[in-house]
Amino acid sequence: PVPQDVKDQLAKHIELYKADPAAAHMWDPICIGVPGGPVRCLMVTFTGRKSGKTMQTVLQYYILDGKYAVVGTRGGSADHPNWYLNLVATPECEIQVGAESHKVVARTLNAEERAKHWDAITAEQPEYLIYEKRTSRVIPVVVFD
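As for the overall build of the protein
Part 1 of the reasoning: Counting secondary structure elements, the protein contains five helices and eight strands.
Part 2 of the reasoning: For the protein, the N- to C-terminal ordering of α and β elements is α-α-β-β-β-β-β-α-β-β-α-α-β.
Part 3 of the reasoning: The C-alpha radius of gyration computed for the protein amounts to 14 Å, which stays within 12% of the reference 15 Å derived for 145 residues, consistent with globular compactness.
Part 4 of the reasoning: Its C-alpha atoms put the protein at 35 × 30 × 30 Å along the principal axes.
Part 5 of the reasoning: Taking all 145 residues of the protein together, 41% fall into the buried category.
Part 6 of the reasoning: Across the protein, every contact between residues at least 6 apart in sequence was considered, and the portion connecting residues at least 24 apart equals 58%.
Part 7 of the reasoning: For the protein, the computed accessible surface area is about 7,800 Å², with 55% contributed by carbon and sulfur atoms.
Part 8 of the reasoning: Computing the positive centroid from 16 side-chain charges and the negative centroid from 17, the protein places the two 6 Å apart.

Listed below in structure tokens is the structure:
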């Protein structure tokens with residue numbers, strides 16, 4: 001399970017993104033135990049697979065072949081993050097990058113696509129290599145088409 005203090009920090013980041021997207025775009029995840037300094041973040045608005053409710057999360061993003069992409073690490077836990085399972089169930093979603101919003105469709109990269117980009121992703125966020133060692137699952141990379 002995700003520690004309560006991490007949940008609280010993530011909830012604060014979502015609220016900041018809603019109130020001041022420019023301020024929330026660059027975020028220092030050291031408050032949730034991820035070193036390395038500020039990272040670029042986007043907010044994803046999606047549909048809950050069980051509740052049908054609109055939900056949001058804020059995630060570090062990457063640009064892969066001109067598209068926004070996020071990574072489902074969940075700190076290297078055994079299970080995929082809930083936001084990822086929700087996007088698999090209903091890939092139509094919206095992303096907000098700073099003040100810009102885009103209606104998009106989430107798609108998990110296949111093994112070949114993931115392998116092509118994994119080194120660049122982990123060069124930007126080396127913590128993912130630690131997470132990868134903690135889990136037997138393949139950590140998904142999601143692009144927004």
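Details of helix α5 (residues 127–134)
Part 1 of the reasoning: Listing the buried residues of α5 in full gives Glu127, Tyr128 and Tyr131. Across the axial projection of α5, the buried residues extend over an arc of 95°, all falling on one side.
Part 2 of the reasoning: Check the buried side of α5 and you find it contacts β3 (54–60), β4 (62–64), β5 (67–71) and α4 (111–124).

A closer look at the pattern of salt bridges
Opposite charge on two side chains lets them pair, provided their charged atoms get close.
Part 1 of the reasoning: One pass over the structure, following the stated rule, counts eight salt bridges.
Part 2 of the reasoning: Between Lys67 and Asp145 there is a salt bridge; the shortest N-O distance is 2.7 Å. Of this pair, Lys67 sits in strand β5 while Asp145 is found in the segment after β8 (141–144), placing the two residues 78 residues apart along the sequence.
Part 3 of the reasoning: Here Asp145 ties to Arg107 by a salt bridge, and the two come within 3.0 Å at their closest N and O atoms. Placement of Asp145 in the segment after β8 and of Arg107 in strand β7 (residues 100–108) is noted, with a sequence separation of 38 residues between them.
Part 4 of the reasoning: A residue is classified by how much of its surface remains accessible, and Asp145, at 38% relative accessible area, is partly exposed.

Brief notes about the environment of Val141
Part 1 of the reasoning: Structurally, Val141 is set in strand β8.
Part 2 of the reasoning: Separated by 70 residues in sequence, Val141 and Val71 have C-alpha atoms that sit 4.5 Å apart.

Things to note about helix α3 (residues 82–89)
Structurally, the α-helix is built with 3.6 residues per turn, so residues lying three or four positions apart point the same way.
Part 1 of the reasoning: Buried within α3 are the following residues: Trp83, Tyr84, Asn86 and Leu87. Projected onto a plane normal to the axis of α3, the buried residues spread over an arc of 160° and lie on a single side.
Part 2 of the reasoning: Structurally, α3 contributes buried residues whose contacts are with β2 (39–47), β3, β5, β6 (92–97), β7 and β8.

Remarks on the packing of α4 against α5
Part 1 of the reasoning: Contact geometry for α4 and α5: axes closest at 8 Å, N-to-C directions at 125°. Between α4 and α5, the angle falls in the class oblique. Contacts between α4 and α5 involve Arg114, Trp118, Ile121 and Thr122 from the first element and Tyr128, Leu129 and Glu132 from the second.
Part 2 of the reasoning: A class-by-class count of the residues in the contact of α4 with α5 yields four nonpolar, one polar and two charged.

Cut-offs and rules
Residues numbered from 1 in each chain as written. Predicted model: local features only at pLDDT ≥ 70, side-chain atom pairs only at ≥ 80, totals over all residues. Heavy atoms only, no water. Helix = DSSP H or I, 4+ residues; strand = E, 2+ residues; numbered from the N terminus. Rg over C-alpha atoms; globule rule 2.2 N^0.38 Å. Buried < 20%, exposed > 50% of the residue type's maximum accessible area, 1.4 Å probe, protein only. Contact = heavy atoms within 4.5 Å. Areas by Shrake-Rupley, 256 points an atom, 1.4 Å probe, with all protein chains shown as cover. Lys, Arg positive; Asp, Glu negative; His and termini not counted. Charge placed at Lys NZ, Arg CZ, Asp CG, Glu CD. Arc of directions from axis to C-beta. Salt bridge = Lys/Arg side-chain N within 4 Å of Asp/Glu carboxyl O. Axes fitted to C-alpha atoms, helices over the stretch in contact; angles between N-to-C directions. Parallel < 35°, antiparallel > 145°, perpendicular 65-115°, else oblique. Nonpolar A, V, L, I, M, F, W, Y, C, P; charged D, E, K, R; others polar.

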